[in-house]
Amino acid sequence: MPAIDTGATAWVLASAALVLLMTPGLAFFYGGMVRGKNVLGMLMQNFAAIAIVSIVWVVVSYSLAFGGGSDIVGNLHFAGLQHMSQAVPGYVGAGAQVIPPMAFVVFQLMFAVITPALITGSTADRWKFGAFVPFVVLWSILVYGPVAHWVFSPEGWLFKRGALDFAGGTVVHVNAGAAGLAMALVLGRRRGWPKEQMRPHNVPFVLLGAGLLWFGWFGFNAGSALGANNLAAYAFVNTNTATAAALLGWITVEKLKYGKSTTLGAASGAVAGLVAITPCAGFVSPLGSIAVGVLAGGICPLAIGLKTRFGFDDSLDVVGVHLFGGVVGSLCVGLFATIDTNSAGKDGLFYGGGLGLLGEQALAVVSVMGYSFVVTFVIGKVISLVIRSRLTAEEEIIGMDVAMHGESAYELGAAGGTGGGTQSLPAVRPPVPTTGVGT
Amino acid sequence: MRLVTAIIKPFKLDDVKAAIEAHGVAGVTVSEVQGFGRQKGHTEVYRGAEYTVDLVPKLKVEVLVDDLDADKVLEALVDAARTGSIGDGKVWTTAVDDVVRVRTGERGPDAL
């Protein structure tokens, strides 16, 4: 193994903590968008995903993602985090890691955590907690492990073909987006959608969550340089720049289309930009990142209309934001990548690199999308055969918080009422004394 | 005794309170309510999906007054609540059979 670089190790460990914070951030981003009776159900699925994946990763799925032995999936050499004194397979020559393998394990764990958490946006308000838990276990093993191996591990087939994904445009976002679509179809629509009004119950939560995501994403993207170096700084600047451009792009589309720019649109635009720059962050120039952000901020707000046109209830737009954002970003690598930013990268179409890279990017997108959709659909269906995956009609009306967890997010009025409703007077009045008591 | 009930625009509360206090009314009950009348609601757009909010937030102000004061208080209240635009609300009075002050047990006009 090459010598350990202490600066790089410190940055990657700090980045792991930054990426961890993204999942609670995501929980609030989504939690604010659901109705008030379902907010704890949403927060709980995201919070529990941290715990479930943390265990599965240590036991088996890290080894499936980054073990050697095959193009398709890693072997079990590192299961239970054994053999951690050996270098991560495939990282050789100029790509050799200068951090301890254990630092890489925990950094990559946080990616494995947030990916299934992203799915919960498309399934909001109706996925039984008891079915969600086994789903995340199976999904981490059967979907995330192999897909991360294909793209992230130098031993994987898409990596070997030359597809570039700096921090997870395909592995995290296309993957979660396709899985979200599959689960929205497995579970079916929320009761009453799209006729019934389901307004976001707390838009400030959405902005709080988006802010935490933006903050944590610096670890996600700049940490993916796996060093405290020039490339990390580029990824950091590109991440911020694309996010800014996408935020402005989204609210501009809103202003033109609906007459008003909204705070929910600003939060959504920021997240769309963060998604799209993820695969590009360490390969494009800062000006390129503006183009990536503008494309994401322009395309994603139009893509969210697809669910109403085709009638699938992707409740919080995982398809519109993560699938489309991930596809836009992954293809943009083929257009805007430049070796001026990363000598280990390639030149895209607009930098004289021809169509080759764009073709590999498209192949990676289609492969990940297809595999994730099909396998997720099967996992969802199989679990539904064994246990009930969906809330009953009554539970759905009561809401996830009380029905699944026996809790309420908010104390609404002293009478425990609905907040603002009038309490009727008791039919029988208590007897009134005829003489005054006291003064 | 009469109960004066007013549905008013929320931002008019301070004016209304001042007006009825000027008439010597000692107490008032205010609740947040929602409803609709001739004033239309509004639409909100979240990620392109339109939501109609047809129930408009209002305040309900309730004042118990002596029969003799009822008209004066009602008129003062109406004047204070008026902006002249649609959605100013309504004020009505109803007859009240009996009133009891809980602390002392006083009844009728003495309890006001």
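Every value quoted in this text rests on a predicted model; they were computed, and no experiment measured them.

Undergrad: For this particular structure, what's the right way to read the overall build of chain A?
TA: Each helix and strand in chain A was counted, giving 15 helices and zero strands. Against the globule reference of 22 Å for 439 residues, chain A gives a C-alpha radius of gyration of 24 Å, in line with a compact fold. Over its C-alpha atoms, taken along the principal directions, chain A stretches across nearly 95 × 50 × 50 Å. Relative to its 439 residues, chain A shows a buried fraction of 56%.

Undergrad: Would you take a moment to explain the overall build of chain B for this structure?
TA: A count of helices and strands for chain B gives two helices and six strands. Starting at the N terminus and ending at the C terminus, chain B contains elements arranged as β-α-β-β-β-β-α-β. The C-alpha atoms of chain B give a radius of gyration of 17 Å, which is well past the 13 Å a tight globule of 112 residues would have. Counting only C-alpha atoms and orienting by the principal axes, one finds that chain B spans roughly 60 × 30 × 20 Å. Sorting the 112 residues of chain B into buried and exposed places 36% on the buried side. Excluding contacts between residues fewer than 6 apart, the proportion of contacts in chain B whose partners are at least 24 apart in sequence is 73%. Here chain B has roughly 6800 Å² of accessible surface; of this, 51% comes from carbon and sulfur atoms.

Undergrad: Looking at this model, I keep getting lost on the packing of aromatic side chains. Mind explaining?
TA: Aromatic ring pairs are reported here in terms of the distance separating the ring centres and the angle at which the planes meet. Residues and elements named next belong to chain A. Enumeration over the complete set of coordinates arrives at 22 aromatic pairs over all chains. Both rings, one in Phe111 and one in Phe220, keep their centres 4.1 Å apart while their planes meet at 15°; by these two values the pair is stacked. Pair noted here: Phe111 is in helix H3 (residues 101-119) and Phe220 is in helix H7 (residues 203-222), with a separation of 109 residues, a long-range link. One aromatic cluster in this structure is built from Trp57, Tyr62, Phe66, Phe78, Tyr91, Phe104 and Tyr144.

Undergrad: Quick question: what am I supposed to make of the sheet that holds strand E2 (residues 29-35) of chain B here?
TA: Think of a sheet as strands paired side by side through backbone hydrogen bonds, with each pair either parallel or antiparallel. All names here are of chain B. In space, the four strands of this open sheet follow the order E2-E5-E1-E6, with antiparallel pairing throughout. At either end of the open sheet lies a strand with only one pairing partner, and these are E2 and strand E6 (90-95). Here the strands of the sheet are splayed against their neighbours by 25° on average, with no regard to which way each runs. Bridging between strand E1 (residues 2-8) and strand E5 (residues 56-65) involves seven bridges; their strand directions are antiparallel. Each residue of the ladder has a partner; that of Val4, found in E5, is Val63. Helix H1 (residues 13-22) contacts E1, E2 and E5 of the sheet and is inclined by roughly 10° relative to E5. Of the strands in this sheet, E1, E5 and E6 touch helix H2 (residues 70-81), which is tilted by about 5° from E1.

Undergrad: Is there a simple way to think about the packing of H3 of chain A against H7 of chain A in this case?
TA: Angle between the axes and distance between the axes are the two parameters that describe a pair of packed helices. Residue and element names in this part refer to chain A. At a minimum axis separation of 11 Å, H3 and H7 run at an interaxial angle of 135°. Considered as vectors, H3 and H7 are oriented oblique to each other. Contacts between H3 and H7 involve Phe107, Phe111 and Ile114 from the first element and Leu213, Gly219 and Phe220 from the second. In terms of residue class, the contact of H3 with H7 is made up of five nonpolar, one polar and no charged.

Undergrad: Help me out: how do you make sense of the pattern of salt bridges in this one?
TA: Side chains bearing opposite charge may pair, as long as their charged atoms lie close to each other. All chains considered together, the criterion is met by 17 salt bridges over all chains. Here Lys307 of chain A ties to Asp317 of chain A by a salt bridge, and the two come within 3.1 Å at their closest N and O atoms. Remark: Asp317 of chain A occurs in the loop between helix H11 (306-310) and helix H12 (318-336) and Lys307 of chain A occurs in helix H11; sequence separation between them is ten residues. Asp317 of chain A matches Lys307 of chain A in its accessibility class, with the two residues each being buried. A salt bridge links Asp69 of chain B to Lys72 of chain B; the nearest nitrogen and oxygen atoms lie 3.7 Å apart. What makes Asp69 of chain B partly exposed here is its relative accessible area of 28%.

Undergrad: Hey, could you run me through the interface of chain A and chain B in this one?
TA: Bring the parts together and some accessible area is lost; that lost area is often taken as the interface size. Facing the 23 residues of chain A at the interface are 14 residues of chain B. For the pair chain A and chain B, the summed buried surface comes to about 1600 Å²; carbon and sulfur atoms form 53% of the total. Counting across the interface, chain A meets chain B through two salt bridges. Across the pair Arg199 of chain A and Glu44 of chain B runs a salt bridge whose closest N-O atoms are separated by 3.1 Å. At the surface where chain A touches chain B, the tally comes to six residue pairs in polar contact (both at pLDDT 80 or more). When residues of the side of chain A that touches chain B are traced back to their parent elements, those giving at least two are helix H8 (230-258) and helix H9 (263-277) of chain A.

Undergrad: How should I be thinking about the state of the cysteines in this particular structure?
TA: Joining two cysteines, a disulfide is a covalent bond between their sulfur atoms. Residues and elements named next belong to chain A. If you walk through the whole model with that rule in mind, you get zero disulfides over all chains. In this model Cys280 remains outside any disulfide bridge; the closest cysteine sulfur is found in Cys332, 5.4 Å from its own. Here Cys300 stays unpaired: no disulfide links it, and the sulfur of Cys332, its closest cysteine neighbor, is 11 Å away.

Undergrad: In this structure, what is going on with the pairing of E1 of chain B? I would like to understand it.
TA: Side-chain direction in a regular strand flips from residue to residue, so the side chains alternate between the two faces of the sheet. Residue and element names in this part refer to chain B. The buried fraction of E1 is high, at five of seven residues. Summarising the sheet, E1 and E6 pair through six bridges and their orientation is antiparallel. Along E6, the bridge assignment pairs Leu3 with Thr94.

Undergrad: I'm lost on the pairing of strand E4 (residues 49-53) of chain B in this one. Help?
TA: Residue and element names in this part refer to chain B. Pairing analysis gives five bridges linking strand E3 (residues 42-46) to E4, with the strands arranged antiparallel. Residue pairing in the sheet places His42 in a bridge with Val53 of E4. Where E3 folds back onto E4 in an antiparallel hairpin, the turn is made up of two residues, including Arg47, whose phi is positive at roughly 50°.

Undergrad: Quick question: what am I supposed to make of the packing of H7 of chain A against H8 of chain A here?
TA: Residue and element names in this part refer to chain A. Two numbers describe how H7 lies on H8: the axes approach to 9 Å, and their chain directions differ by 140°. The angle between H7 and H8 falls in the class oblique. In this structure, the crossing between H7 and H8 has a hand that is right-handed. Contact with H7, carried on its side by Trp214, Trp217, Phe218, Asn221 and Ala222, involves Ala232, Ala235, Phe236, Thr239, Asn240, Thr243, Ala244 and Leu247 of H8 and no other residues of that element. Of the residues belonging to the contact of H7 with H8, the class tally is nine nonpolar, four polar and no charged.

How each quantity is defined
- Residues numbered from 1 in each chain as written.
- Chains lettered and ligands numbered in written order.
- Predicted model: local features only at pLDDT ≥ 70, side-chain atom pairs only at ≥ 80, totals over all residues.
- Heavy atoms only, no water.
- Helix = DSSP H or I, 4+ residues; strand = E, 2+ residues; numbered from the N terminus.
- Rg over C-alpha atoms; globule rule 2.2 N^0.38 Å.
- Buried < 20%, exposed > 50% of the residue type's maximum accessible area, 1.4 Å probe, protein only.
- Contact = heavy atoms within 4.5 Å.
- Areas by Shrake-Rupley, 256 points an atom, 1.4 Å probe, with all protein chains shown as cover.
- Phe/Tyr/Trp six-rings, centres within 6.5 Å; stacked < 30°, edge-to-face > 60°.
- Pairing = 2+ DSSP bridges.
- Axes fitted to C-alpha atoms, helices over the stretch in contact; angles between N-to-C directions.
- Parallel < 35°, antiparallel > 145°, perpendicular 65-115°, else oblique.
- Nonpolar A, V, L, I, M, F, W, Y, C, P; charged D, E, K, R; others polar.
- Salt bridge = Lys/Arg side-chain N within 4 Å of Asp/Glu carboxyl O.
- Buried area = accessible area lost by both parts, 1.4 Å probe.
- Polar contact = N/O pair within 3.5 Å; in protein donor to acceptor, adjacent residues only side chain to side chain.
- Disulfide = S-S within 2.5 Å.
- Left-handed = near helix turned anticlockwise from the far one by under 90°.

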